[in-house]
Amino acid sequence: MVNFEYNSYLLALTIADFILATLTVLGNLLLLTTIKLDPVRCLRTPATYLIANLSLSDLFVGLIIGYGRGLVGCFMYKDETQPSWINLAINVAGGASIINGIWTVIAMALDRYIAVTDPFHYNERITGRKVHTYIFVSWVMATTLTAFYPLAGQIWAVILLVFSHTHFTIPVFVLLFVYCRIFCSLSARRYELQRLTTSLSTITLRHALERERKMALTSFVILKLFCASFLPFYIKIQLLNFCSCQDTMAFRRFDLISHTFLYLSSFANPFMYAWRVPKFRRSLQECLHIKKRNSVRPININ
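Here the structure is a predicted model, which means the values were calculated and not measured.

**Quick notes on the pattern of salt bridges**
In step 1: Summed over all chains, the structure comprises five salt bridges.
In step 2: Here Asp111 makes a salt bridge to Arg112, at a shortest N to O gap of 2.7 Å.
In step 3: Between Asp118 and Arg125 there is a salt bridge, with the nearest N and O atoms lying 3.1 Å from each other.
In step 4: For Arg125, a relative accessible area of 41% puts it in the partly exposed group.
In step 5: The network of salt bridges with common partners includes Asp111, Arg112 and Glu212.

Structure representation (structure tokens):
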């Protein structure tokens with residue numbers, strides 16, 4: 001009976017892995033295509049480059065971790081020995097994608113912080129070239145860190161513990177402080193604009209402030225989604241190092257579902273941008289030809 005329940009649980013998670021992985025890949029491919037085509041000519045900004053890099057990381061998470069865990073589930077369900085290359089690909093390539101995604105989320109928060117607290121010097125401090133350099137270095141360093149996985153051996157759990165605190169515990173508290181500063185600064189600027197008389201320049205500033213608020217709020221929601229998706233895996237790492245429950249059925253089930261949670265934020269991120277950010281929504285509509293184009297029809301004069 002226990003084996004039947006576990007196999008049913010395993011089968012359900014395997015199906016969920018394949019479905020979520022497919023939706024993650026399709027959603028991020030659509031977002032990357034929208035940024036590449038840029039039909040409204042408004043997506044060639046440093047902030048958009050960071051969003052594209054996060055989308056690329058999410059795409060690889062869906063491809064490697066999503067489908068990889070689906071394959072692992074298939075082998076486990078059939079009670080067959082899985083090829084060693086699957087876990088190697090998940091831990092090396094998938095791990096590099098997650099690390100790069102974490103660093104991109106941090107960069108997006110700092111980008112919004114500078115855009116809100118120092119708007120007049122933003123274009124000087126954050127340039128496309130700097131962002132491209134950051135993205136390149138981020139991928140190189142993330143790949144280098146995970147390339148040592150085959151050499152870790154028995155200390156892999158300890159390495160994961162260090163990683164969990166340096167890439168989750170510390171960044172989350174720092175980024176929460178950063179976003180508090182961002183929203184406090186936005187509130188102060190909004191209060192100042194409300195005191196000014198209505199004029200064309202004031203209306204323009206209000207629209208710009210509203211755009212910054214939406215981008216900052218979207219970035220903050222992305223951070224919350226990341227925390228929610230990474231938290232089960234974070235708890236699993238703590239259990240691996242401080243609990244002797246690794247051989248229990250409850251831990252095995254939690255271990256399986258913690259990997260499924262890993263790419264929930266990767267699945268949701270592209271839909272967040274398409275839903276919350278107007279320029280992405282307009283660009284997506286143009287790419288899908290949803291928005292009706294204005295046309296001038298000839299008038300027949302009889």
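**Focus: the environment of Phe75**
In step 1: Looking at where Phe75 falls in the secondary structure, it is placed in helix α2 (residues 46-77).
In step 2: Residue classification places Phe75 among the partly exposed residues on the basis of a relative accessible area of 23%.
In step 3: Considering only alpha carbons, one finds Phe75 and Leu29, 46 residues apart in sequence, at a separation of 28 Å.

**Quick word on helix α3 (residues 84-117)**
Helical geometry: 3.6 residues make up each α-helical turn, so side chains three or four residues apart lie on a common side.
In step 1: An ideal rise of 1.5 Å per residue puts 50 Å on 34 residues; α3 measures up with 49 Å between its terminal C-alpha atoms.
In step 2: The largest bend along α3 reaches roughly 30° and is located at Gly94.

**Observations regarding the packing of aromatic side chains**
In step 1: If you walk through the whole model with that rule in mind, you get 13 aromatic pairs.
In step 2: Among the aromatic residues, ring-to-ring pairing joins Phe163, Phe168, Phe226, Phe230, Phe233 and Tyr234 into one connected group.
In step 3: The positively charged end of Arg253 is found above the aromatic ring belonging to Tyr9, 5.3 Å away from the centroid.

**Notes on the packing of helix α10 (residues 264-276) against helix α11 (residues 278-288)**
In step 1: Direction vectors running N to C along α10 and α11 enclose 95°, while the axes themselves pass 5 Å from each other. Considered as vectors, α10 and α11 are oriented roughly perpendicular to each other. Along its contact with α10, which presents Tyr273, Ala274, Trp275 and Arg276, the element α11 presents Pro278, Phe280, Arg281 and Leu284.

**Points about a nonpolar patch on the surface**
In step 1: A surface patch of nonpolar side chains, amounting to about 440 Å² of accessible area, comprises Leu11, Ile15, Ile19, Leu23 and Tyr77.
In step 2: Of the residues forming the nonpolar patch, the biggest block, four residues, is contributed by helix α1 (residues 2-37).
In step 3: Looking at the element boundaries, Tyr77 is found in helix α2.

**Notes on the nonpolar core**
In step 1: Ranked by internal contacts, the top residues of the largest apolar core, which has 62 residues, are Ile51, Phe230, Tyr273 and Phe280.
In step 2: Within the residue set of this core, elements represented by two or more residues are α1, α2, α3, α5 (128-146), α7 (156-195), α8 (200-242) and α10.
In step 3: Apart from residues no more than four positions distant in its own chain, Ile51 is found in contact with Leu31, Ile35, Met108, Met215, Tyr273 and Phe280.

**Structural notes on empty space enclosed by the protein**
In step 1: On inspection of all chains with the given rule, the structure shows four cavities of 30 Å³ or more.
In step 2: In this model, the largest cavity occupies a volume close to 140 Å³.
In step 3: Mapped by element, the contributors of at least two residues to the lining of the largest cavity are α2, α3, α8 and α10.
In step 4: A per-element tally of the lining of the largest cavity places α3 first, with five residues.
In step 5: Those elements that provide at least two residues to the lining of the second largest cavity are α1, α2 and α9 (249-261).
In step 6: Top element by residues in the lining of the second largest cavity is α1. It accounts for four residues.
In step 7: Per-class residue counts for the lining of the second largest cavity are four nonpolar, three polar and two charged.

**Side note on the confidence of the model for the chain**
In step 1: Looking at the chain, the pLDDT average stands at 85 and 92% of residues meet or exceed 70.
In step 2: Taken element by element, the chain is modelled with least confidence in helix α6 (residues 149-152), mean pLDDT 79, and with most confidence in α5, mean pLDDT 95.
In step 3: Per-residue pLDDT stays below 50 along residues 291-302; that stretch engages in three contacts with residues further than four places along the chain or on separate chains.

The rules behind each value
Residues numbered from 1 in each chain as written. Predicted model: local features only at pLDDT ≥ 70, side-chain atom pairs only at ≥ 80, totals over all residues. Heavy atoms only, no water. Salt bridge = Lys/Arg side-chain N within 4 Å of Asp/Glu carboxyl O. Buried < 20%, exposed > 50% of the residue type's maximum accessible area, 1.4 Å probe, protein only. Helix = DSSP H or I, 4+ residues; strand = E, 2+ residues; numbered from the N terminus. Expected span 1.5 Å × (residues − 1). Bend = angle between axes of the 7 residues up to and from the residue. Phe/Tyr/Trp six-rings, centres within 6.5 Å; stacked < 30°, edge-to-face > 60°. Lys NZ or Arg CZ within 6 Å of the ring centre and 35° of its normal. Axes fitted to C-alpha atoms, helices over the stretch in contact; angles between N-to-C directions. Parallel < 35°, antiparallel > 145°, perpendicular 65-115°, else oblique. Contact = heavy atoms within 4.5 Å. Patch = residues over 30% accessible without salt bridge, like charges linked within 9 Å, V, L, I, M, F, W, Y side chains within 5 Å. Areas by Shrake-Rupley, 256 points an atom, 1.4 Å probe, with all protein chains shown as cover. Core = buried A, V, L, I, M, F, W, Y, C linked by side-chain atoms within 4.5 Å. 1 Å grid on protein atoms, 1.4 Å probe; cavity = no way out; pocket = protein on both sides within 12 Å on 5 of 7 lines; lining within 4 Å. Points joined across faces, edges and corners; volume = space filled by probe spheres on them. Nonpolar A, V, L, I, M, F, W, Y, C, P; charged D, E, K, R; others polar. pLDDT = per-residue confidence, 0-100.

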